[in-house]
Amino acid sequence: MNHNELNQIIETVVAKNAEKIDRESFYPKSALDALGKAGILGLISAKEMGGQGFGLREASQVVENLAKVCPSTAMVTMMHFCGTVVIEKYGAKELRKKIATGNHVTTLAWSENGSRSHFWAPIGTAKKNDNKILINSQKSWVTSACEADSYVWSTQPLSAEGASTLWLVTNDSVGLQQPFKFDGLGLRGNASSPLKAENIKVDESSMLGNDGAGFDIMIGDVLPVFSTLISSGSIGLMEGAISRAIKHVSSTQHEHIKTSLAELPTIRAYLAKATIKKDMARTLRDDTIQAIESGREDAVLRVLEVKAATAEIALEVTDTAMRVCGGAAFRKDLGIERYFRDSRAAFVMAPTSDVLYDFIGKAVCGLPVFG
Ligand SMILES: Cc1cc2nc3c(=O)[nH]c(=O)nc-3n(C[C@H](O)[C@H](O)[C@H](O)COP(=O)(O)OP(=O)(O)OC[C@H]3O[C@@H](n4cnc5c(N)ncnc54)[C@H](O)[C@@H]3O)c2cc1C
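Predicted model only: the values in this text are computed from it and were never measured.

What to know about the overall build of the protein chain
Per the secondary structure count, the protein chain includes 10 helices and 10 strands. For the protein chain, the C-alpha radius of gyration of 21 Å lies close to 21 Å, the compact-globule estimate for 371 residues. Across its three principal directions, the C-alpha atoms of the protein chain cover 80 × 45 × 40 Å. Going through the 371 residues of the protein chain one by one, you find that 56% of them count as buried. Excluding contacts between residues fewer than 6 apart, the proportion of contacts in the protein chain whose partners are at least 24 apart in sequence is 71%. Element-wise, carbon and sulfur atoms account for 53% of the exposed surface of the protein chain, whose accessible area totals about 16,300 Å². Within the protein chain, the 42 negative side-chain charges are centred at a point lying 4 Å from the centre of the 41 positive side-chain charges.

Okay, here's the thing in structure tokens:
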């Protein structure tokens, strides 16, 4: 991977727009265009499709580096990689080529108003009508809603047994509606709004994988990538928050006693603990990648652990960054309160931390995890 090119995009495009993205809920289209042109949106696409043929390790670096500067841009990019994993394995060649060459942005449309964070159990339907399939769903949250070119969309199966089936739904589909735009606490630029499908017509060839195989694809193909990449986003934003906090405490004086905030042992101890936690999170993320790459026996457990651990640690670390910077951190100009707000998405993104604790608890007690 060309790190220089990524760093240049981060410096010249991502950093330049980061404040506007947060303040105005501005979608990071210029960053995506630049990432597409540089081949980074095609990072995990196969070389024979025109992509770079890299894997989770490199995608994690991209997401982590983006999140240090703009967690919204990181989120949009990581959801694109998650959708890409499905399309690479089950999608049509033409579409794979478009993604590989940076000309198509995709995402996942799984969570629904009805089944909420239990994304593996869609209520929305796909029904055969003449030679078309009619899709009806109420998606509760879709990152890059109305901005992506396509959605990896879940419904109940057409006719097979199983919990779900996945479809490719394009953004120009007739019947695709956005009930309202995103105006959230954090990740304000990631355009995560609800989307409604009202009799969207797709061909049966838009099915991704087999009818009824959605659950296996969600858990087998996507969850390892999603968990690792969202963890990388959390690690990146912790880096961003800690480095801004260090800059502030090092440059701010109590003039009457002629000491900087960094000279207070309490402040240094808080920063030390936050740094240890952030580094533990990164070590767990790196071990998870190693477990996945080598097919280690504990890979599934690591995949579940890493998202829960990094999401919760990010809450603590960004809270510490706020604390050590005092009242100054309340102001937007310091840039720390943004990381505090942005960090709060990972633990409610499904599978949520509490659902993961249940899964991990079952795993360690020897019970069926997804049963
Ligand atoms: C910024 C952002 C971007 C998102 N992007 C996408 C996207 O691109 N695609 C997509 O499909 N979804 C997306 N989501 C949705 C996300 O994955 C979750 O589905 C959603 O945040 C869950 O919110 P909810 O209100 O429906 O949770 P609910 O399901 O109502 O949960 C409420 C609370 O109950 C707890 N809970 C629920 N079930 C259990 C259980 N079995 N055991 C213990 N506790 C439980 C939860 O942990 C939570 O604390 C996004 C969410 C956010 C915040």
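Focus: the layout of surface pockets
By volume, the largest pocket amounts to about 690 Å³. Elements with a contribution of two residues or more to the lining of the largest pocket: β3 (132–142) and α6 (214–251). Of all the elements, α6 adds the most residues to the lining of the largest pocket, at four residues. For the lining of the largest pocket, the domains that each give at least three residues are domain 2 (109–211) and domain 3 (215–364).

A few points about the domain arrangement of the protein chain
Partitioning the protein chain into structural domains gives domain 1 (3–104), domain 2 (109–211) and domain 3 (215–364). Taking only C-alpha atoms into account, the centre of domain 1 sits 22 Å from that of domain 2. The partner domain 2 presents 17 residues to the 20 residues of domain 1 that form the contact. Both faces considered, domain 1 and domain 2 share a buried interface measuring about 1,500 Å² in area, 65% of it formed by carbon and sulfur atoms. Here domain 1 is connected to domain 2 by zero salt bridges. Connecting domain 1 to domain 2 are six residue pairs in polar contact (both at pLDDT 80 or more). Those elements that place two or more of their residues in the side of domain 1 that touches domain 2 are α1 (3–23) and α4 (71–90). If one sorts the elements of the side of domain 1 that touches domain 2 by residue count, α4 sits on top with nine residues. The residue makeup of the side of domain 1 that touches domain 2, split by class, is 12 nonpolar, six polar and two charged.

Side note on the packing of helix α3 (residues 56–69) against helix α7 (residues 265–293)
The contact between α3 and α7 brings their axes to 10 Å, and the two run at 155°. In terms of orientation, α3 lies roughly antiparallel with respect to α7. Every pair of crossing elements has a handedness; the one defined by α3 and α7 is right-handed. Residues L56, R57, S60, Q61 and E64 of α3 pack against R282, R285, I289, Q290, I292 and E293 of α7.

Here's the deal with the sheet that holds strand β8 (residues 207–208)
Where strands meet in a sheet, backbone hydrogen bonds hold them as pairs that are either parallel or antiparallel. If you trace the four strands from one edge of the open sheet to the other, you get β1-β4-β5-β8, paired in mixed fashion. Single-partner strands in this sheet number two, and they are β1 (106–109) and β8. Inspection of the sheet shows strand β4 (residues 150–155) paired to strand β5 (residues 165–170) by six bridges, in the antiparallel sense. Along β5, the bridge assignment pairs S154 with L166. Sheet strands in contact with α4 are β1, β4, β5 and β8, and its direction is about 90° off that of β1. In the packing of α6 onto the sheet, the strands contacted are β1, β4, β5 and β8, and the crossing angle to β5 comes to about 80°.

Side note on the packing of aromatic side chains
Here the structure, examined in full by the defined rule, presents seven aromatic pairs. With a centroid separation of 6.1 Å and an interplanar angle of 75°, the aromatic rings of F215 and F370 are classed as edge-to-face. Taken as a pair, F215 in helix α6 and F370 in the segment after α10 (353–364) lie far apart in primary sequence, 155 residues in all. Classification of F370 as partly exposed rests on a relative accessible area of 33%. Here the aromatic cluster, defined as three or more aromatic residues joined through ring pairs, consists of W110, F119, W120, F215, F359 and F370.

Conventions used here
- Residues numbered from 1 in each chain as written.
- Predicted model: local features only at pLDDT ≥ 70, side-chain atom pairs only at ≥ 80, totals over all residues.
- Heavy atoms only, no water.
- Helix = DSSP H or I, 4+ residues; strand = E, 2+ residues; numbered from the N terminus.
- Rg over C-alpha atoms; globule rule 2.2 N^0.38 Å.
- Buried < 20%, exposed > 50% of the residue type's maximum accessible area, 1.4 Å probe, protein only.
- Contact = heavy atoms within 4.5 Å.
- Areas by Shrake-Rupley, 256 points an atom, 1.4 Å probe, with all protein chains shown as cover.
- Lys, Arg positive; Asp, Glu negative; His and termini not counted.
- Charge placed at Lys NZ, Arg CZ, Asp CG, Glu CD.
- 1 Å grid on protein atoms, 1.4 Å probe; cavity = no way out; pocket = protein on both sides within 12 Å on 5 of 7 lines; lining within 4 Å.
- Points joined across faces, edges and corners; volume = space filled by probe spheres on them.
- Domains from an automatic or database assignment.
- Buried area = accessible area lost by both parts, 1.4 Å probe.
- Salt bridge = Lys/Arg side-chain N within 4 Å of Asp/Glu carboxyl O.
- Polar contact = N/O pair within 3.5 Å; in protein donor to acceptor, adjacent residues only side chain to side chain.
- Nonpolar A, V, L, I, M, F, W, Y, C, P; charged D, E, K, R; others polar.
- Axes fitted to C-alpha atoms, helices over the stretch in contact; angles between N-to-C directions.
- Parallel < 35°, antiparallel > 145°, perpendicular 65-115°, else oblique.
- Left-handed = near helix turned anticlockwise from the far one by under 90°.
- Pairing = 2+ DSSP bridges.
- Phe/Tyr/Trp six-rings, centres within 6.5 Å; stacked < 30°, edge-to-face > 60°.

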